[in-house]
Amino acid sequence: SNALSLPCQQMSSSECPNDDTIRKVMEKVVPTVNLDTMTTKSFVALLSKKLGGVDLTSKKKFIRANITEILDSMDGDDDEEDEQEESEEEEEYDEDEGKKKKKRRASASSRSSKRAKSGEKRTTGLSALKEISEPLAKLLGQGNEMSRTGVVKALWEHIRENDLQNPKDRREIILDKQMRQVFEVERFTMFAMNKYIGEHIHPYKKADFTKSPTKKKPKKKEKKPRKQVQQNPWRLSPALTKIVGTDILPRPHIAKGLWAYIRANNLQNPEDKREIICDELFRAVMGRKKVTMFSMNKFVNSHILEKLDKSEYTYPDAEENIKNVVDSESENSVESV
């Protein structure tokens, strides 16, 4: 834990996460946060927490640059496809032999190397060349076809060369005349920039700035009803039977019956609800005028006489039976007192 509190440049390569590891964690974190309100400092702190508390101060420049690339890739998901890295097998029908032959398709890596040799353009992925608008091509000066990552990189070079970041809030870009002619706004944030870029890259999708990021509410797990555990019933003394209304009950139901009787007859001390003031029937079980809600059970134990088989007690009707009998016993005891 002490090693993780050191800045990355003071740690060994095995302790400090490499750029690939940081990038992978960022790709998971970026879609879950509101980057319009989160500062770079707080994002780095969140990223540090995800990586086990390592000090990422020396990685700020790398993190800032990769946030933009990740947002750019998210914006282009609709028209980009992942290439398969593993080779696949497909069957081909040979007309001459009248048989099916298996033909091994070349892997993505071998295809890309062939494209490079033949001069063929890559059409998918972040590095795919795409047509860009004339105003953007004029600003960047690199032709009318560029990759999305190339556009982002070139724009950031222009922003830094001309010192266009707001000194009071580095997330905000104050556009110069050249950029205003392209994007037609005075300023935007480094995160909104990707939407403006998308309007100038084929298929030139119009950005929607009315939508604000909303956090999905976590689905509440439905609580499954607990299965009632059927415990063995006990035979009760005549004195306890008068309180709970039946001479056979499982232990949990004995407690319920006692409390039903206490509440029905208002036996709790109004000045100290933990104290039970016994009436005549309750005193016959407790053996004293007053008991506490904590000591009550030990006086009941001598009135729980014999453990019985489960078959001698039927659960579905038990609680209703207790309620009805306790209510009638309560009325009788109040009259007798």
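A quick note: this is a predicted structure, and the numbers were derived from the prediction, not measured.

A. Representation of the sheet that holds strand β12 (residues 290–292) within the structure. A sheet is described by the order of its strands in space; here three strands give the open sequence β10-β11-β12, paired in antiparallel fashion. Either end of the sheet is taken by a strand with one partner, and the two such strands are β10 (268–269) and β12.

B. Expanded view of the nonpolar core. Membership of the largest hydrophobic core comes to 43 residues, with the highest contact counts inside it found for Phe43, Leu47, Ile63, Val151, Met179, Phe183 and Phe188. Among the secondary structure elements, those contributing two or more residues to this core are α1 (19–29), α2 (40–50), α3 (60–75), α5 (134–140), α6 (148–161), α7 (177–183) and α8 (193–198). Among the elements that line this core, the one with the most residues is α6, at six residues. Leu240, Leu258, Leu267 and Val300 belong to the second largest nonpolar core, which has 25 residues in total.

C. Summary view of the side chain of Asn66. With respect to the element layout, Asn66 can be found in helix α3. Exposure remark for Asn66: the relative accessible area of 8% places this residue in the buried category. A distance of 2.5 Å separates a polar atom in the side chain of Asn66 from a polar atom in the side chain of Arg23. A distance of 2.8 Å separates the side chain of Asn66 from the backbone oxygen of Phe62, its partner in a polar contact. Residues in contact with Asn66, not counting those within four places in the same chain, are Arg23 and Met26.

D. Geometry of the sheet that holds strand β9 (residues 248–250). With antiparallel pairing, the three strands of this open sheet are ordered in space as β9-β8-β13. With one partner strand each, in any of the chains shown, β9 and β13 (304–307) form the two edges of the open sheet. The mean angle between the axes of side-by-side strands here comes to 45 degrees, regardless of whether they run parallel or antiparallel. In this structure, strand β8 (residues 233–236) lies alongside β9, joined through three bridges in antiparallel fashion. Across the sheet, residue Pro233 finds its bridge partner in β9, namely Pro250. Docked against the sheet, helix α10 (residues 251–264) engages β8, β9 and β13, running at close to 105 degrees with respect to β9.

E. Up close: α2. Those residues of α2 not exposed but buried are Thr40, Phe43, Val44, Leu47 and Ser48. Buried residues of α2, seen end-on, are gathered within an arc of 140 degrees and therefore sit on one face of the element. In α2, those exposed residues whose orientation departs by more than 90 degrees from the buried face are Lys41 and Lys49. Of the residues trailing α2, Gly52 is marked for its positive phi of about 90 degrees.

F. Fine view of the packing of aromatic side chains. Throughout the structure, instances matching the rule amount to four aromatic pairs. Each ring, one from Phe183 and one from Phe188, has its centre 5.6 Å from the other, and the planes form 85 degrees; the classification is edge-to-face. Both residues of the pair, Phe183 and Phe188, count as buried. Judged by centre distance (5.8 Å) and plane angle (5 degrees), the rings of Tyr261 and Phe282 are stacked. Of the two residues, Tyr261 sits in helix α10 while Phe282 sits in helix α11 (residues 280–286), which places them 21 residues apart along the sequence. We note that Tyr261, like Phe282, is buried. One aromatic cluster is present, formed by Phe183, Phe188 and Tyr196 through successive ring pairs.

The rules behind the values
Residues numbered from 1 in each chain as written. Predicted model: local features only at pLDDT ≥ 70, side-chain atom pairs only at ≥ 80, totals over all residues. Heavy atoms only, no water. Pairing = 2+ DSSP bridges. Helix = DSSP H or I, 4+ residues; strand = E, 2+ residues; numbered from the N terminus. Core = buried A, V, L, I, M, F, W, Y, C linked by side-chain atoms within 4.5 Å. Buried < 20%, exposed > 50% of the residue type's maximum accessible area, 1.4 Å probe, protein only. Polar contact = N/O pair within 3.5 Å; in protein donor to acceptor, adjacent residues only side chain to side chain. Contact = heavy atoms within 4.5 Å. Axes fitted to C-alpha atoms, helices over the stretch in contact; angles between N-to-C directions. Arc of directions from axis to C-beta. Phe/Tyr/Trp six-rings, centres within 6.5 Å; stacked < 30°, edge-to-face > 60°.

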